[in-house]
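Listed below are the residues making up each chain.
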Amino acid sequence: MVQFTTDEECARTLDRNDSLSFRDRFFIPASTIYLNGNSLGLQSQDARQCVQKVLDEWKTLGIGGWLEGDPPWFYYAESLGATASRLVGALPQEVVATGTTTGNLHSLVGTFYTPHGRKTKILADELDFPTDVYALQSQIELKGFNPERDLILAPSRDGRFLDEHAIVELMTDEVALVCLSSVLYRSGQLLDIPYLTEEAHNRGITIGFDCSHSVGVVPHSFDEWGVDFAVWCSYKYLNGGPGSTAFLYVNRAHFQRKPALSGWFGNVKERQFDLSLEFEPASSAGGWQISSPSILSAAPLEGALAITLEAGIETIREKSLLMTSYLMYLVDEVLSGDPYNFNIGTPREPSRRGAHVALEHEEALRICEALRTRGVIPDFRPPNIIRVAPMPLYTTYHEIWQVVQYLKEIVDSREYEQFSTERKAVS
Ligand SMILES: *Cc1c(COP(=O)(O)O)cnc(C)c1O
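J.: Account for the nonpolar core, naming residues and giving values.
T.: Membership of the largest hydrophobic core comes to 44 residues, with the highest contact counts inside it found for Met171, Leu196, Trp232 and Phe247. Apart from residues no more than four positions distant in its own chain, Met171 is found in contact with Leu123, Val178, Leu196, Glu199, Ala200, Arg203 and Ile205. With 40 residues, the next largest nonpolar core counts Leu359, Ala364, Ile367 and Leu407 among its residues.

This is how it looks when you write it as structure tokens:
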């Protein structure tokens, strides 16, 4: 275990001893310290080359790319799914790259939420990312039920964290489905997925997770844990680019289910081009595809996933925890107490946190702006959180040290006071 100190030399030493740096393979925006890879990961050379490759295939092969591309576009979604399955502890056919996160959530909740008798409710939580809650509300309405009554949002005692035992207590015989996020987007709390899954199954309840804030930086073992389904986006820790194709996982125990939102790309591939009016869903996660794959939005993933696998997900996790531990240590030492008054709103136990740290401060919005003018890119989440996400693949320990110095200077000089309290459209 490394003994941290607050001096700059400690950061230099940590960087020197770091054997996992893929920084040279990424394009780091000029003069910036980029700490926002939890919202949009950066572009890598590998991702860029794969986009270029697909553009060239389109240029030279036209429609021929569907079968002659490398890999053929017709199998691209399944092929990327098989690659990604290695990050989440699944079989190759249990994962597919398709659609968008919210769209996939609709499709899977539509499939797995089958209210009957007393079992009409979905259990989620009040700290969930809004889009997930919107999707659950509309799925409940589509089945003819009432979100006001049938959507249970497990409460948080302090607005930061959830207590898994309290969630389990809400798994009553009226609950048909549990749908939660692996990591809470504000506090960065990592839920105990195996425990929640086991307790749901003990009560005969289906359970699915949105792992947008954990895949690519935390190892998962979906099969071993017995999770029923999962969705995740690919533009955060997976560095797939803005709006890149998302992923879904369906446990093989459910391959015989009929997808709620059928489309021709979910058909058994060998017979898709028979163009029969009878839908014959593939017996794999691929059955939940709807449309022609967005090849250009999937292409960066080929390169981006290769980097993540090359680095190794366990190694990435280890470095991520060391980075967030170092950051929290520096905040405790340098920025807690008067006049700084930063508070850490992220679990201290490594097993209970994802990969970002929530710094709470009543002037969070304006301090974030002051950081931006110094070339630091974190993000702000209302009401009072600065999210700082060191990326194991490309952030340096020295950058973390530097940001803490900047925060100290920004408060010392009251530099943040010159900024407006108005928020921008995207933050
Ligand atoms: C990032 C994120 C999403 C993104 O949804 P899109 O459909 O890609 O816009 C959804 N849910 C959670 C929990 C996320 O963190």
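From this point, things continue past the structure.
J.: Can you tell me about the pattern of salt bridges, naming the residues and giving the values?
T.: In total, this model carries 29 salt bridges according to the counting rule given. Between Arg252 and Asp223 there is a salt bridge whose closest N-O contact spans 3.3 Å. Residue Arg252 is found in the loop between β8 (247-250) and α11 (269-272), and its partner Asp223 is found in helix α10 (residues 222-225); the two are separated by 29 residues along the sequence. Residue class for Arg252 comes out partly exposed when judged on its relative accessible area of 44%. Sharing partners across several salt bridges, the network here consists of Arg118, Lys121, Arg149, Asp150, Asp173 and Glu174.

J.: Run through the domain arrangement of the protein, naming residues and quoting values.
T.: Interface size is commonly expressed as the accessible surface area that is lost when the partners come together. Split into domains, the protein comes out as domain 1 (8-31 + 312-418) and domain 2 (49-310). Once you take the C-alpha centre of each, domain 1 and domain 2 turn out to be 30 Å apart. Every contact between the two is made by 30 residues of domain 1 and, on the other side, 23 residues of domain 2. Both sides together, the interface formed by domain 1 and domain 2 hides about 2,200 Å², and carbon and sulfur atoms give 57% of it. With its nearest N and O atoms 2.8 Å apart, the salt bridge here joins Arg25 to Glu310. On the surface where domain 1 and domain 2 come into contact, there are 13 residue pairs in polar contact (both at pLDDT 80 or more). With 5 residues, helix α13 (residues 313-335) is the largest single contributor of residues to the side of domain 1 that touches domain 2. Its residues assigned to classes, the side of domain 1 that touches domain 2 comprises 14 nonpolar, 8 polar and 8 charged.

J.: Account for the sheet that holds strand β5 (residues 175-181), with residues named and values stated.
T.: The 7 strands are arranged β2-β8-β7-β6-β5-β3-β4 in an open sheet whose pairing can be described as mixed. Each of the sheet's edge strands pairs with one partner strand only, and the pair in question is β2 (95-97) and β4 (151-154). Direction aside, the axes of adjacent strands within the sheet are offset by 20° on average. Direction of pairing for strand β6 (residues 206-210) relative to strand β7 (residues 229-232): parallel, over a ladder of 3 bridges.

J.: Explain helix α6 (residues 130-142) residue by residue, including any values.
T.: In this model α6 runs 18 Å from its N-terminal to its C-terminal C-alpha over 13 residues, within 8% of the 18 Å that 1.5 Å per residue would give. Taken together, the buried positions of α6 are Asp132, Val133, Ala135, Leu136, Gln139 and Ile140. Looking straight down α6, one finds that the buried residues subtend no more than 160° of arc, so they occupy a single side. Pointing more than 90 degrees away from the buried face of α6 are the exposed residues Tyr134, Glu141 and Leu142. On the buried face of α6, the contacting elements are α5 (101-112), β3 (121-125), α7 (147-150), β4, β5 and β6. In the stretch just after α6, Gly144 is the one whose phi turns positive, near 85°.

J.: Can you break down the state of the cysteines residue by residue, with the values?
T.: Counting across every chain of the model gives 0 disulfides. Summary of cysteine pairing: Cys233 is not part of a disulfide, and the nearest cysteine sulfur, belonging to Cys211, is at 11 Å.

J.: Account for the side chain of Lys269, with residues named and values stated.
T.: Its location among the elements puts Lys269 in helix α11. Polar side-chain contacts of Lys269 include one of 3.0 Å to the backbone oxygen of Phe74.

J.: Residues and numbers for the pairing of β7, please.
T.: Along β7, one buried face is formed by Phe229 and Val231 and the opposite face, lined by Ala230 and Trp232, is buried too. Taken together, the 4 bridges between β7 and β8 define a ladder with antiparallel strand orientation. What sits directly across from Trp232, in β8, is Phe247.

Procedures and definitions
Residues numbered from 1 in each chain as written. Predicted model: local features only at pLDDT ≥ 70, side-chain atom pairs only at ≥ 80, totals over all residues. Heavy atoms only, no water. Core = buried A, V, L, I, M, F, W, Y, C linked by side-chain atoms within 4.5 Å. Buried < 20%, exposed > 50% of the residue type's maximum accessible area, 1.4 Å probe, protein only. Contact = heavy atoms within 4.5 Å. Salt bridge = Lys/Arg side-chain N within 4 Å of Asp/Glu carboxyl O. Helix = DSSP H or I, 4+ residues; strand = E, 2+ residues; numbered from the N terminus. Domains from an automatic or database assignment. Buried area = accessible area lost by both parts, 1.4 Å probe. Polar contact = N/O pair within 3.5 Å; in protein donor to acceptor, adjacent residues only side chain to side chain. Nonpolar A, V, L, I, M, F, W, Y, C, P; charged D, E, K, R; others polar. Pairing = 2+ DSSP bridges. Axes fitted to C-alpha atoms, helices over the stretch in contact; angles between N-to-C directions. Expected span 1.5 Å × (residues − 1). Arc of directions from axis to C-beta. Disulfide = S-S within 2.5 Å.

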